[in-house]
Amino acid sequence: MKNSNNKSSRSLKTRICARWQMYLLLLLPVLYIIIFAYVPMGGLVLAFKDYDMTKGIWGSDWVGLANFREFFSSYKFKQVLVNTLTVSLYSLVVTFPIPILFALILNAFPGKRFKKFVQTTTYIPYFISTVVLVGLIMQVLNSRIGIYGTLYSLFTGNTAPDILGKASLFKHIYVWSGVWQSTGYSAIIYIAALSNVDQSLHEAAKIDGASRFQRLIYVDWPSIMPTATIMLILAAGNIMNVGYEKVLLLQNDLNLSASEVISTYVYKVGLARGTGDFSLSTAIGMFNSVINFILLVTVNKISKMMNGNGIF
């Protein structure tokens, strides 16, 4: 037993010495992950303490689950949870299949130049920052000076209603502006998977008399199914993570009832308030992460049971 352990340790040392350049390159990203991903996890203890800046993290009083109970009993709990799930699930249902359909349709076009032009055009919006994107949304949808307001007044002679202030329309504005920005970027992985499809399968399908649509269903779609499954699992693991930047920038007093999500609530509790309740905001963020982890594991298990594909 000892001899086998010594042999394995010697072989590991030999492999490291033989490829020391690769391990040296690997050192920097490993240190980055340890310093910025694992070390900050120690701060999660704040969720179980009544943080006092004068006492520090470890010197603050231990309160157990008091911060979680405060969040669960808050009148904001149901509102932010429902808003987060509504926006996330709506976004998942819309933004997940559209890039797949876009990639399948684009792959079906024969002209390479046209495909490259369309792919580049749809990819460009991804580089627009969140602040600029929200600025564009506000300029276009402004009820007085925007394109929407101008056209509405031109055809009706009346002032357009303020759709940015309607709580019921917030989720639609958030999700469909995201579709415009991210479809081209999200489709890249599916276009890459389609480029690796064995062309002999298409040729055999042509000989059998299959139409282009039938080849799309029976050749192209099965080839990207494993990729789509993994992307769905990862997306399901981020259901509770609605980016606070875009939501916060689109928020106003009129749509707050529909736009207050967990991420913006954590920001306001921890930083935007006068005192800053770091313990409560940490507890809320921890609750959010635990739910995401449970969803990720559950969806991965269901996927492996149904088609054998999973990420772990």
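Before reading further, recall that the structure is shown in the block above.
One structure accompanies this document, and this report is about it. This structure is a prediction, so every number in the text was calculated from the model and none was measured.

## Comments concerning the overall build of the protein chain
Of the regular secondary structure elements, the protein chain holds 17 helices and two strands. In summary, the protein chain has a C-alpha radius of gyration of 25 Å against a globular reference of 20 Å for 312 residues, an excess of more than 25%. Counting only C-alpha atoms and orienting by the principal axes, one finds that the protein chain spans roughly 90 × 75 × 40 Å. Looking at the protein chain alone, contacts between residues at least 24 apart form 61% of all its contacts between residues at least 6 apart. Roughly 19500 Å² of accessible area belongs to the protein chain as shown, and the carbon and sulfur atoms make up 68% of that amount. On the protein chain, the mean spot of the 26 positive side-chain charges and the mean spot of the 13 negative ones are 11 Å from each other.

## Some points on the nonpolar core
Membership of the largest hydrophobic core comes to 21 residues, with the highest contact counts inside it found for F96, I100, A103, L104, Y190, L194 and I224. Of all the secondary structure elements, the ones that give two or more residues to this core are α6 (97-108), α11 (188-195) and α13 (212-236). Apart from the residues within four sequence positions on either side, I224 is in contact with I100, L104, Y190, A193 and L194. Judged by nonpolar contacts, the second largest core, of 18 residues, contains V134, L141, I173 and V175.

## Focus: the side chain of D220
Looking at the secondary structure, you find D220 in helix α13. Under the relative-accessibility criterion, D220 is labelled buried at 0%. A polar contact of 3.4 Å, which involves the side chain of D220, links it to the side chain of R212. Residues in contact with D220, not counting those within four places in the same chain, are L104, N107, L194, V197, H202, R212 and R215.

## Thoughts on the packing of aromatic side chains
What the rule picks out here adds up to 20 aromatic pairs. With a centroid separation of 5.0 Å and 90° between ring planes, the pair formed by F71 and F77 is classed as edge-to-face. Each of the two residues, F71 as well as F77, counts as buried. Each ring, one from F72 and one from F77, has its centre 5.3 Å from the other, and the planes form 75°; the classification is edge-to-face. Following the ring pairs from residue to residue traces out a cluster consisting of F71, F72, F77, Y265 and F287. Taking the ring centre of Y174 as reference, the NZ or CZ of K246 above it sits at 4.7 Å.

## As for the packing of α6 against α11
At a minimum axis distance of 8 Å, the contact between α6 and α11 shows a crossing angle of 40°. Considered as vectors, α6 and α11 are oriented oblique to each other. The handedness of the crossing between α6 and α11 comes out as right-handed. On α11, the residues that touch P99, I100, A103, L104, L106 and N107 of α6 are Y190, I191 and L194. For the contact of α6 with α11, the class distribution of residues is eight nonpolar, one polar and no charged.

## A short note on empty space enclosed by the protein
Summed over the entire model, instances satisfying the criterion amount to one cavity of 30 Å³ or more. Roughly 30 Å³ of internal volume is contained in the largest cavity. In this structure, the largest cavity is lined by I163, L164, F170, I173, L250 and N255. Per-class residue counts for the lining of the largest cavity are five nonpolar, one polar and no charged.

## Some details on the pattern of salt bridges
This model, assessed by the stated rule, comprises four salt bridges. A salt bridge links K76 to E260, with the nearest nitrogen and oxygen atoms 3.7 Å apart. Of this pair, K76 sits in helix α5 (residues 76-95) while E260 sits in the loop between α15 (256-259) and α16 (262-272), and the two are 184 residues apart along the sequence. Assessed through its relative accessible area of 12%, K76 is described here as buried. Salt bridges here are not isolated pairs; linked through shared partners, they connect K76, E260 and K268.

The rules we used
- Residues numbered from 1 in each chain as written.
- Predicted model: local features only at pLDDT ≥ 70, side-chain atom pairs only at ≥ 80, totals over all residues.
- Heavy atoms only, no water.
- Helix = DSSP H or I, 4+ residues; strand = E, 2+ residues; numbered from the N terminus.
- Rg over C-alpha atoms; globule rule 2.2 N^0.38 Å.
- Contact = heavy atoms within 4.5 Å.
- Areas by Shrake-Rupley, 256 points an atom, 1.4 Å probe, with all protein chains shown as cover.
- Lys, Arg positive; Asp, Glu negative; His and termini not counted.
- Charge placed at Lys NZ, Arg CZ, Asp CG, Glu CD.
- Core = buried A, V, L, I, M, F, W, Y, C linked by side-chain atoms within 4.5 Å.
- Buried < 20%, exposed > 50% of the residue type's maximum accessible area, 1.4 Å probe, protein only.
- Polar contact = N/O pair within 3.5 Å; in protein donor to acceptor, adjacent residues only side chain to side chain.
- Phe/Tyr/Trp six-rings, centres within 6.5 Å; stacked < 30°, edge-to-face > 60°.
- Lys NZ or Arg CZ within 6 Å of the ring centre and 35° of its normal.
- Axes fitted to C-alpha atoms, helices over the stretch in contact; angles between N-to-C directions.
- Parallel < 35°, antiparallel > 145°, perpendicular 65-115°, else oblique.
- Left-handed = near helix turned anticlockwise from the far one by under 90°.
- Nonpolar A, V, L, I, M, F, W, Y, C, P; charged D, E, K, R; others polar.
- 1 Å grid on protein atoms, 1.4 Å probe; cavity = no way out; pocket = protein on both sides within 12 Å on 5 of 7 lines; lining within 4 Å.
- Points joined across faces, edges and corners; volume = space filled by probe spheres on them.
- Salt bridge = Lys/Arg side-chain N within 4 Å of Asp/Glu carboxyl O.

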